[in-house]
Amino acid sequence: MADYVIRATAAQGQIRAFAATTRDLVEQARISHNTSPVATAALGRLLTAGVMMGCDMKGEDDLLTLKIQGDGPIGGLTVTADSRGNVKGYAVNPMVMLPPNEKGKLDVGGLKEPYVGQTILVTGEIAEDLTYYYATSEQTPSSVALGVLMNKDNTVRQSGGFIIQLMPGASEDIIGRLENKLKEISSITT
């Protein structure tokens, strides 16, 4: 596999970041579970988040489970990751089909009606909801971006994401510069 996760710190420890490219992982999940394009995008985003969040765990035997449950058409997603970068997951209804959203993209947000034990999923867009989770449950200002780009033949062209977090005591200058850089990002898959 050509996939990888990078863990980094920047600005003299004021910022910590995880970035991952997960094309092979998501393509293998697509093949194994025979997922539709929108289910592939949703599961791929959660797998990508899981592998990065797992790499943040301290203990060698620690496990993380991300579970999205709801009464939307996908039914739910479950991903389990460990601290060594191993991750697996599945969609309850892997064959769900939805028309594209207003931007012509896979409508992962249209899969919502979800509620999770620890926090409410606000938008159904996995990256936005994880950003909300970090802010409310972990009290860690974060930016999460996740993306899966599909080919017309339902194979995965690109997949990946990042989690960028401000550490306690981050200066206003660093916060402002980071916010400006984040505004320049148009799409995680490009």
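A few points on the structure. The shown structure was predicted, so the numbers you read here are calculated from the model rather than taken from an experiment.

A word on the overall build of the chain
- Scanning the chain from terminus to terminus reveals 4 helices and 8 strands.
- When the helices and strands of the chain are listed from N to C terminus, the series reads β-β-α-α-β-β-β-β-α-β-β-α.
- When the 190 residues of the chain are sorted by exposure, 47% land in the buried category.
- When contacts within the chain are restricted to residue pairs at least 6 apart in sequence, those whose partners lie at least 24 apart make up 55%.
- Counting only carbon and sulfur atoms, one obtains 52% of the accessible surface of the chain, whose full area is about 10,200 Å².

Focus: the pattern of salt bridges
- A complete count under the given rule lists 8 salt bridges for this structure.
- Put simply, Arg7 and Asp56 hold a salt bridge, and the shortest N to O gap is 3.4 Å. Taken together, the positions of Arg7 in strand 1 (residues 4-10) and Asp56 in the loop between helix 2 (37-55) and strand 3 (63-70) put the pair 49 residues apart, joining distant regions of the chain.
- Classification of Arg7 by relative accessible area gives partly exposed; the value is 46%.
- With its nearest N and O atoms 3.9 Å apart, the salt bridge here joins Lys58 to Asp56.

Some details on the sheet that holds strand 2 (residues 15-21)
- Reading across from one edge, 1-2-8-7 is the order of the 4 strands in this open sheet, with antiparallel pairing throughout. What marks the edges here is a single partner per strand, and that holds for strand 1 and strand 7 (142-150). Taking the axes of each pair of neighbouring strands and ignoring which way they run, one obtains an average angle of 10° across the sheet.
- The pairing of strand 7 with strand 8 (residues 156-166) spans 9 bridges and is classified as antiparallel.

Things to note about the nonpolar core
- Judged by nonpolar contacts, the single largest core of 33 residues is most densely connected at Met53, Leu77, Ile126 and Leu146.
- Of all the secondary structure elements, the ones that give two or more residues to this core are strand 2, helix 1 (23-33), helix 2, strand 3, strand 4 (76-82), strand 5 (87-91), helix 3 (126-136) and strand 7.
- With 10 residues, helix 2 is the single largest residue contributor to this core.
- By size, the runner-up hydrophobic cluster in this structure holds 9 residues, among which are Ile15, Ala145, Ile174 and Leu178.

A word on the side chain of Arg16
- Assignment of secondary structure puts Arg16 in strand 2.
- For Arg16, the side chain forms a polar contact with the side chain of Asp56, separated by 3.1 Å.
- Of the polar contacts made by the side chain of Arg16, one reaches the side chain of Gln165; its length is 2.7 Å.
- The contact partners of Arg16, leaving out residues within four places of it in the chain, are Arg7, Ala8, Thr9, Asp56, Ile163, Ile164, Gln165 and Met167.

Observations regarding the pairing of strand 2
- The buried fraction of strand 2 amounts to 5 of the 7 residues, a majority that puts the element mostly inside the structure.
- Judged from the 7 bridges that link them, strand 1 and strand 2 form a sheet pairing that is antiparallel. When the bridges of strand 2 are listed, Arg7 appears paired with Phe18.
- Alignment of strand 2 against strand 8, held across 7 bridges, turns out to be antiparallel. Bridged to Ala19 within strand 8 is Phe162.

Concerning helix 1
- Restricting attention to buried positions, one finds in helix 1 the residues Leu25, Val26, Glu27, Ala29 and Arg30.
- Buried residues in helix 1 make contact with helix 2, strand 5, strand 7 and strand 8.
- Just beyond helix 1, the residue with positive phi is Asn34, at close to 50°.

Observations concerning the packing of helix 1 against helix 2
- One can describe the packing of helix 1 onto helix 2 by two numbers: an axis separation of 9 Å at closest approach and a directional angle of 130°. In terms of orientation, helix 1 lies oblique with respect to helix 2. Remark: the crossing between helix 1 and helix 2 carries right-handed chirality. In this structure, helix 1 uses Leu25, Val26, Ala29, Arg30 and His33 to contact helix 2, whose residues at the interface are Thr40, Leu43, Gly44, Leu47 and Thr48.

The rules behind each value
- Residues numbered from 1 in each chain as written.
- Predicted model: local features only at pLDDT ≥ 70, side-chain atom pairs only at ≥ 80, totals over all residues.
- Heavy atoms only, no water.
- Helix = DSSP H or I, 4+ residues; strand = E, 2+ residues; numbered from the N terminus.
- Buried < 20%, exposed > 50% of the residue type's maximum accessible area, 1.4 Å probe, protein only.
- Contact = heavy atoms within 4.5 Å.
- Areas by Shrake-Rupley, 256 points an atom, 1.4 Å probe, with all protein chains shown as cover.
- Salt bridge = Lys/Arg side-chain N within 4 Å of Asp/Glu carboxyl O.
- Pairing = 2+ DSSP bridges.
- Axes fitted to C-alpha atoms, helices over the stretch in contact; angles between N-to-C directions.
- Core = buried A, V, L, I, M, F, W, Y, C linked by side-chain atoms within 4.5 Å.
- Polar contact = N/O pair within 3.5 Å; in protein donor to acceptor, adjacent residues only side chain to side chain.
- Parallel < 35°, antiparallel > 145°, perpendicular 65-115°, else oblique.
- Left-handed = near helix turned anticlockwise from the far one by under 90°.

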